[in-house]
Amino acid sequence: MGLLNRFSLSRNDMGIDLGTANTLVYVSGKGIVLQEPSVVAIDQDLKIPLAVGEEAKKMLGRTPGNVIAVRPLRDGVIADFDTAELMLKTFIGRVRGKTLSQPRIIIGIPSGVTGVERRAVIEAATQAGASEVRLIDEPIAAAIGAGLPVSEATGNMIIDIGGGTTEVAVLSLQGTVISESVRVAGDELNEAIIQYVKKVHNLVIGERTAEEIKIQVGSAYPTAEDNEVVMEVRGLHLLSGLPRTVTIKGPEIRESMSEPLSVIVEAVKRTLERTPPELAADIIDRGIMLAGGGALMKGLDTLISHETGIVTHVAADPLCCVVLGTGRVLENKMLERVFSGQSR
Ligand code: ADP
Ligand code: MG
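Everything numeric in this text was worked out from a predicted model, so none of it was measured.

Student: It is not clear to me how empty space enclosed by the protein should be interpreted in this structure. Could you clarify?
Tutor: Rolled over the atoms, a probe as big as a water molecule pinpoints where empty space is left. Inspection of the entire model under this criterion finds one cavity of 30 Å³ or more. Its boundaries defined by the atoms lining it, the largest cavity holds a volume of some 50 Å³. Lining the largest cavity are Leu-18, Ile-78, Phe-81, Ala-84, Glu-85, Leu-88, Ala-120, Val-121 and Ala-124. No other element matches the four residues that helix α3 (residues 81-96) contributes to the lining of the largest cavity. The residue makeup of the lining of the largest cavity, split by class, is eight nonpolar, no polar and one charged.

Student: In this structure, what is going on with the site of ligand 1? I would like to understand it.
Tutor: In the vicinity of ligand 1, 17 residues are found, and the nearest of them are Thr-20, Ala-21, Asn-22, Glu-211 and Lys-214. With respect to ligand 1, the backbone of Gly-163 contributes an N or O atom lying 2.9 Å from an oxygen atom. For the shell around ligand 1, the secondary structure elements donating two or more residues are α6 (186-201) and α7 (207-217).

Student: I would appreciate a short explanation of the side chain of Thr-20 in the present structure.
Tutor: Note on placement: Thr-20 falls in the loop between β1 (14-18) and β2 (22-27). A distance of 2.7 Å separates a polar side-chain atom of Thr-20 from the backbone nitrogen of Gly-164. Thr-20 has contacts with Ser-38, Arg-71, Leu-73, Arg-74, Gly-76, Pro-110, Gly-163, Gly-164 and Thr-165, leaving out every residue within four places of it along the chain.

Student: Could you clarify how one ought to interpret the packing of aromatic side chains in this entry?
Tutor: Geometrically, a pair of aromatic rings is defined through the distance of the ring centres and the angle of the planes. According to the stated counting rule, one finds zero aromatic pairs in the structure shown. Above the plane of the ring of Phe-339 lies Arg-134, whose end atom (NZ or CZ) is 4.4 Å from the centre.

Student: So what exactly am I meant to see when it comes to the layout of surface pockets here?
Tutor: Its volume calculated, the largest pocket comes out at about 920 Å³. Residue lining of the largest pocket: 42 residues in total, with Ala-21, Asn-22, Glu-211, Gly-293 and Leu-319 positioned closest to the centre. Secondary-structure elements contributing two or more residues to the lining of the largest pocket are β2, β3 (31-37), β9 (156-161), α6, α7 and α12 (321-330). Here the lining of the largest pocket is composed, by residue class, of 16 nonpolar, 13 polar and 13 charged. Approximately 350 Å³ is the volume found for the second largest pocket. For the lining of the second largest pocket, the secondary-structure elements that each account for two or more residues are α7 and β13 (230-237). When the residues that make up the lining of the second largest pocket are grouped by side-chain class, the tally is three nonpolar, three polar and six charged.

Student: Before we go on, may I ask you to explain a nonpolar patch on the surface in this structure?
Tutor: Taken together, the side chains of Val-204, Leu-236, Leu-238 and Leu-239 make up a nonpolar region of the molecular surface, amounting to roughly 370 Å² of accessible area. Take Leu-236: its relative accessible area is 43%, and that puts it in the partly exposed class.

Student: What exactly am I supposed to notice about the pattern of salt bridges here?
Tutor: Any two side chains of opposite charge can pair, on the condition that their charged atoms come close. For the structure shown, the criterion picks out 12 salt bridges. The partner of Asp-137 in a salt bridge is Arg-118, with the nearest N and O atoms 3.4 Å apart. Linking Asp-137 in strand β8 (residues 132-137) with Arg-118 in helix α4 (residues 115-127), this pair joins segments that are 19 residues apart in sequence. We classify Arg-118 as buried; its relative accessible area is 14%. Residues participating in the shared-partner salt-bridge network are Arg-71, Arg-74, Asp-187 and Glu-207.

Student: Teacher, can you tell me more about helix α9 (residues 258-274) here?
Tutor: One turn of the α-helix equals 3.6 residues, which is why residues spaced by three or four share an orientation. Here α9 is 17 residues long and its end C-alpha atoms lie 24 Å apart, about the 24 Å a rise of 1.5 Å per residue gives. When we look at burial in α9, the residues that qualify are Pro-260, Leu-261, Ile-264, Val-265, Ala-267, Val-268, Thr-271 and Leu-272. Summarising the axial view, the buried residues of α9 lie within an arc of 150°, below the 170-degree limit, and thus occupy one face. Across from the buried face of α9, at angles greater than 90 degrees, the exposed residues are Glu-259 and Glu-273.

Student: Explanation requested: the nonpolar core in the structure shown.
Tutor: One broad trend across soluble globular proteins is that nonpolar side chains are buried collectively. Counting residues in hydrophobic clusters, the biggest one holds 42 residues, and the most contacted among them are Met-157, Ile-159, Ile-205, Ile-213 and Leu-300. Ranked by the residues each element gives to this core, the list is headed by α9, at six residues. Non-local contacts of Leu-300, meaning those with residues more than four positions away in its chain, are made with Ile-161, Ala-220, Leu-261, Leu-290 and Gly-294. The next biggest cluster of nonpolar side chains, apart from the first, holds 29 residues, and it includes Leu-18, Val-25, Leu-88 and Ile-122.

Student: How should the sheet that holds β13 be read in this particular structure?
Tutor: Pairing is antiparallel in the open sheet, where three strands are placed in the order β12-β13-β14. Every interior strand has two partners, whereas the edge strands, β12 (203-204) and β14 (243-249), have only one. One ladder, built from seven bridges, connects β13 with β14; its direction is antiparallel. Within β14, the residue paired with Leu-236 across the bridge is Pro-243. Those strands touched by α6 are β12, β13 and β14, and its axis lies near 105° from that of β14.

Basis of the calculations
Residues numbered from 1 in each chain as written. Chains lettered and ligands numbered in written order. Predicted model: local features only at pLDDT ≥ 70, side-chain atom pairs only at ≥ 80, totals over all residues. Heavy atoms only, no water. 1 Å grid on protein atoms, 1.4 Å probe; cavity = no way out; pocket = protein on both sides within 12 Å on 5 of 7 lines; lining within 4 Å. Points joined across faces, edges and corners; volume = space filled by probe spheres on them. Helix = DSSP H or I, 4+ residues; strand = E, 2+ residues; numbered from the N terminus. Nonpolar A, V, L, I, M, F, W, Y, C, P; charged D, E, K, R; others polar. Near = heavy atom within 4 Å. Polar contact = N/O pair within 3.5 Å; in protein donor to acceptor, adjacent residues only side chain to side chain. Contact = heavy atoms within 4.5 Å. Phe/Tyr/Trp six-rings, centres within 6.5 Å; stacked < 30°, edge-to-face > 60°. Lys NZ or Arg CZ within 6 Å of the ring centre and 35° of its normal. Patch = residues over 30% accessible without salt bridge, like charges linked within 9 Å, V, L, I, M, F, W, Y side chains within 5 Å. Areas by Shrake-Rupley, 256 points an atom, 1.4 Å probe, with all protein chains shown as cover. Salt bridge = Lys/Arg side-chain N within 4 Å of Asp/Glu carboxyl O. Buried < 20%, exposed > 50% of the residue type's maximum accessible area, 1.4 Å probe, protein only. Expected span 1.5 Å × (residues − 1). Arc of directions from axis to C-beta. Core = buried A, V, L, I, M, F, W, Y, C linked by side-chain atoms within 4.5 Å. Pairing = 2+ DSSP bridges. Axes fitted to C-alpha atoms, helices over the stretch in contact; angles between N-to-C directions.

Okay, structure coming up:
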């Protein structure tokens, strides 16, 4: 208690979104100063990290035998403590540069992260030079960053669709009333596309290509120009073993993603069913807010409003909601109750 009073603003304080796919850092007084993939490339023979962030992501699927590119938070749990620590320390170090002052740091983490993992995140940030560390659950940070009035006694629903996890939460008075986290999000959509292209077009493609397909021609709901959305895709032909190009259309990609998309929709419906009636009434009035990179999927807002009967909005800058939320918390003492873990 009282800690936040000392948490008065200093120029180097940081808000961090430690996401399964991307890590972002906000510095008070400056804004977002770092946005990189949560990836580490490691030389397995020498047991040393070769690259962290953007450079490491370029190596995904393209590494020689002894080099692996790891996503330490892939499924929303910290699968690999050492690598997660190394990544967090590297990013904090990049932002701190040569400054000697010790920043206070607020970190947004997936809400499924366990107590032990929370300690590990706090420990890593402390080792990276933080004078004080606070944790905040991603849905709350996302809601704040999306501009929802989380301090009011009104129900707000936020759906944060990241790489590894989708978090659905109903918030009121700076707290989580109910929430559900499913390990189906952007990565699963990519995986569904890989399987489909292999099965129907006999073409083997990697994760990066699948992600490009998803972003360029993927959609969650039919549109008028549906059949004109096409893309030339290169991969390895399964039968001849040779490189080949095939043309892929929007509707088939939507169809290929239908299963993971319905898992997300079902999680939203289950959460709505469990929402206390007064808060449900608020949500009907205010609508549902979508955040996270997955919110950029074309037609996802339409699909969700069609399935739930509730107006659904996409946040202004979905990929930045969580980090902007941590930044607002850094700069606003009123938001004291939102923390879910702290150092010392
Ligand atoms: P996390 O918080 O888990 O790190 P992000 O919020 O950064 O995740 O979102 C990353 C996910 O968003 C990835 O799966 C990526 O493929 C997906 N994504 C990014 N842009 C788009 C887009 N335009 N359309 C669909 N999905 C997208
Ligand atoms: Mg996220």
